[in-house]
Amino acid sequence: MAKNTVNKYVWLVETIYKAKKISFEEINRRWMDNDMSEGGVLSIRTFHKWRIAIEEMFGLIIENEQGGQYRYFIQNADELRNGSMRSWLFNTLSVSNLMMDSVSIKDKVLFEEIPDGEQYLPVILEALKKNLALGMTYQSYTRDEANTFEVEPYCLKAFKQRWYLVGNSPYYNKIMIYALDRVKWLVLTEKNFKYPKDFNAEEFFEDCFGIIADQSIDVETVKIKVSAGQANYLRSLTLHQTQREIERNDEYSIFTVRLRPTFDFRQEILSQGGDIEVLEPKWFRDEMAEIAKNMWNKYYEIK
């Protein structure tokens with residue numbers, strides 16, 4: 001599909017989404033103000049063709065409220081806010097199209113380097129569609145040599161600029177998580193497997209901060225005290241969907257999150273430095289205190 005056509009779809013979704021409800025006449029006025037229109041009006045026939053294409057491509061439903069006003073709105077707008085695949089896909093296309101239209105200032109827009117692994121996505125997606133096992137050579141951080149084995153793919157997850165494959169290891173008979181940038185070789189096999197009916201990817205990670213889903217660690221309410229300046233950061237970029245602010249003053253705020261306090265969550269808290277203090281649970285506070293003590297000793301021990 002031509003890039004310019006996708007740009008038009010993205011423009012229409014963004015226009016309706018930002019307006020919440022908007023008439024066709026107002027859509028046309030905004031279209032005429034956009035360079036893509038090249039001065040031409042948007043016919044009602046073309047508009048409805050785009051509506052159908054948008055639903056097929058993104059799963060976003062543009063409806064008419066009728067009732068005398070005939071304003072258009074996105075019926076399932078939550079799909080653009082809830083971190084779903086549709087949301088990610090649309091946002092990625094939106095940013096990509098925007099950047100492609102701004103190549104003249106490419107030296108003024110800096111991107112974070114992303115590790116390898118995206119080249120394996122087509123093979124994994126095919127395996128997920130057909131419930132086929134994958135043959136994989138994987139170099140773990142904890143092993144000196146790479147190992148080759150089969151894995152039954154359950155889902156993909158993106159976290160902190162990395163892709164991860166979640167799947168069942170027939171050898172260990174348990175769910176394992178593999179970073180795609182550690183994969184050395186990956187092929188689609190012809191071996192079918194039965195996808196478990198009780199596995200739900202969203203529920204699997206529901207109580208996790210990131211990619212570590214350690215069921216041996218209980219779900220707990222973690223209470224943290226955050227400096228006033230850092231609290232603003234946490235309000236705009238929450239640690240977890242369960243985050244709640246239960247106290248606030250000029251000097252600090254207290255937040256709670258309910259999750260499994262795994263290694264990656266601990267690392268995230270440590271990355272905030274002295275701006276965050278763990279209050280509860282006690283075992284987690286003690287663990288953080290021990291790490292802080294060891295860090296102090298490394299910097300200030302007498303030599």
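Below: a short report on this structure. Computed from a prediction, not measured in an experiment: that's the story for all the values here.

Cut-offs applied
- Residues numbered from 1 in each chain as written.
- Predicted model: local features only at pLDDT ≥ 70, side-chain atom pairs only at ≥ 80, totals over all residues.
- Heavy atoms only, no water.
- Pairing = 2+ DSSP bridges.
- Helix = DSSP H or I, 4+ residues; strand = E, 2+ residues; numbered from the N terminus.
- Phe/Tyr/Trp six-rings, centres within 6.5 Å; stacked < 30°, edge-to-face > 60°.
- Buried < 20%, exposed > 50% of the residue type's maximum accessible area, 1.4 Å probe, protein only.

1. Observations concerning the sheet that holds strand S1 (residues 22-23)
Alright, step 1. A sheet is described by the order of its strands in space; here three strands give the open sequence S1-S3-S2, paired in antiparallel fashion. On the outer flanks of this sheet lie S1 and strand S2 (62-64), each paired with one strand and no other.
Alright, step 2. Relative to strand S3 (residues 71-74), S2 runs antiparallel, the two sharing three bridges. Residue pairing for S3: Glu63 is matched across the bridge by Phe73.

2. Describing the packing of aromatic side chains
Alright, step 1. Applying the stated criterion across every chain, the model contains 19 aromatic pairs.
Alright, step 2. Pairing Tyr195 with Phe199 gives two aromatic rings, centres 6.1 Å apart and planes at 80 degrees, and the pair type is edge-to-face.
Alright, step 3. Taking relative accessible area as the criterion, Tyr195 reaches 28% and is therefore assigned partly exposed.
Alright, step 4. Take Phe199: its relative accessible area is 12%, and that puts it in the buried class.
Alright, step 5. Three or more aromatic residues link up through ring pairs in this structure, and these residues are Tyr154, Phe193, Tyr195, Phe199, Phe204 and Phe205.

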